[in-house]
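Inside the fold
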Amino acid sequence: MTIVPDAKDWTWVLQRPCPECGLDTQSFPRNAVAGMIRVNAAAWQDALTQPGDARRRPAPGKWSALEYGCHVRDVLRLYDQRLRLMLTQQGPQYPNWDQDATAVADRYGEQDPAVVAAELADAATTIAARFESLAADQWQRTGSRSDGAHFTVESFARYFIHDPVHHLYDVTGARYAGPAEPGT
C-alpha cells in the first residue's frame, strides 16, 4: 500500500507539546538540542540494526523503521543545509523539499539498514556540531519556508528536533522522556 503524504503544518509544535510523541519544544534550553540530536541518533542505531526486519511495514500505509530512518537521515542533512543558509545569508527562503517524492525516488524501503544507520549517525554528528558552534547572537538569525513559516535559528532548532524525536516514537512507540546527554 502506498503511504498517504503528510500535508500537515507541524509548526504548532512550537506552541504546545505533541500529544503523540510527548515532546514539548519549549521545555528545554536551546543549547540542549545538540545533545538531543546525539541521543536520538544513538536510538536510531538500535532501531535500524537490531535483529528483525527493519524493512517490514508494521501496517499498510505506515512506513517501516528503515523508511523512517531514511527520512530522518535526510531531514538531518536538509536541516543542516538550511541552518548553514541561515548562518551565511540574511533571511534566506529555503528551497522546497517533497519528502514523499524523495522517499519514492530514493527507494527508502530498499536501502541497506546498516548503511542508513551509519549515514544517519554521520548526519546527526554534523548538525549537532553546527548547533554547538553557534554564538549567542546567531540564535536570532532568521530564515523562512516558501509557505511563509518564519523561523529564528532557535525556533528552527526546536521545530527541527521534533521530527527525529517524533519518528523514533513512530517506530518504537516510546514517548519522549526528556533531554539527556549521551551516556547518561
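Residues numbered from 1 in each chain as written. Predicted model: local features only at pLDDT ≥ 70, side-chain atom pairs only at ≥ 80, totals over all residues. Heavy atoms only, no water.

Another point: the overall build of the chain. Counting secondary structure elements, the chain contains 5 helices and 2 strands. Reading the secondary structure of the chain in the N-to-C direction produces α-α-α-α-β-β-α. In terms of overall dimensions, the chain is globule-like: its C-alpha atoms have a radius of gyration of 16 Å, near the 16 Å expected for 184 residues. The C-alpha extent of the chain, read off along each of the three principal axes, is 45 × 40 × 30 Å. Within the chain, contacts between residues at least 6 apart in sequence are counted, and of these 77% link residues at least 24 apart. Side chains of the chain carry 18 positive and 23 negative charges; the gap between the two charge centres is 2 Å. (Helix = DSSP H or I, 4+ residues; strand = E, 2+ residues; numbered from the N terminus. Rg over C-alpha atoms; globule rule 2.2 N^0.38 Å. Contact = heavy atoms within 4.5 Å. Lys, Arg positive; Asp, Glu negative; His and termini not counted. Charge placed at Lys NZ, Arg CZ, Asp CG, Glu CD.)

With 54 residues, the main nonpolar core has Ile37, Leu76, Phe131 and Phe160 as its most contacted residues. Take this core: its biggest share by element is 12 residues, from helix H2 (residues 65–88). (Core = buried A, V, L, I, M, F, W, Y, C linked by side-chain atoms within 4.5 Å. Buried < 20%, exposed > 50% of the residue type's maximum accessible area, 1.4 Å probe, protein only.)

Take the packing of aromatic side chains next. Inspection of the entire model under this criterion finds 10 aromatic pairs. These aromatic residues form a ring-pair network of at least three members: Tyr79, Tyr94, Phe131, Trp139, Phe151, Phe156, Tyr159 and Phe160. The cationic tip of Arg158 hangs over the ring face of Phe28; the distance from NZ or CZ to the ring centre is 5.1 Å. (Phe/Tyr/Trp six-rings, centres within 6.5 Å; stacked < 30°, edge-to-face > 60°. Lys NZ or Arg CZ within 6 Å of the ring centre and 35° of its normal.)

Examined against the element boundaries, Pro19 turns out to sit in the segment before helix H1 (33–49). Judged by its relative accessible area of 63%, Pro19 falls in the exposed class. When the C-alpha atoms of Pro19 and Arg175 are compared, they prove to be 9.5 Å apart, with 156 residues separating the residues in sequence. Beyond its immediate sequence surroundings of up to four residues, Pro19 is in contact with Trp12 and Arg175.

Moving on: the packing of H2 against helix H5 (residues 153–172). Close contact between H2 and H5 brings their axes to 10 Å; oriented N to C, the two are set at 175 degrees. Here H2 lies roughly antiparallel to H5, going by the angle between them. Only Val153, Phe156, Tyr159, Phe160, Asp163, Pro164, His167, Asp170 and Val171 of H5 make contact with H2, whose side of the interface consists of Ala65, Tyr68, His71, Val72, Val75, Leu76, Tyr79, Arg82, Leu83, Met86 and Leu87. Here the contact of H2 with H5 is composed, by residue class, of 15 nonpolar, 2 polar and 3 charged. (Axes fitted to C-alpha atoms, helices over the stretch in contact; angles between N-to-C directions. Parallel < 35°, antiparallel > 145°, perpendicular 65-115°, else oblique. Nonpolar A, V, L, I, M, F, W, Y, C, P; charged D, E, K, R; others polar.)

Attention shifts here to the pattern of salt bridges. As enumerated under the stated definition, the model contains 13 salt bridges in all. Here Glu119 ties to Arg77 by a salt bridge, and the two come within 3.9 Å at their closest N and O atoms. A residue pair is termed long-range when its members are at least 10 positions apart, and Glu119 in helix H4 (residues 113–132) and Arg77 in helix H2 qualify at 42 residues. With relative accessibility at 37%, the residue Arg77 sits in the partly exposed group. (Salt bridge = Lys/Arg side-chain N within 4 Å of Asp/Glu carboxyl O.)

Here we come to unusual backbone geometry. Phi is positive for Arg107, which is not a glycine, with a value near 50 degrees. Its place among the elements puts Arg107 in the loop between helix H3 (99–105) and H4. For Arg107, a relative accessible area of 53% translates into the label exposed.

Relative to the 24 Å expected for 17 residues at 1.5 Å per residue, H1 spans 24 Å between its end C-alpha atoms, a close match to the ideal helical length. On its buried side, H1 packs onto H2, H4 and H5. (Expected span 1.5 Å × (residues − 1).)

Summed over all chains, the structure comprises 0 disulfides. We note that Cys18 lacks a disulfide partner, and the nearest cysteine sulfur, in Cys21, lies 3.7 Å from it. (Disulfide = S-S within 2.5 Å.)

It is worth spelling out the side chain of Asp170 at this point. Secondary-structure assignment places Asp170 in helix H5. Residues in contact with Asp170, not counting those within four places in the same chain, are Lys62 and Tyr68.

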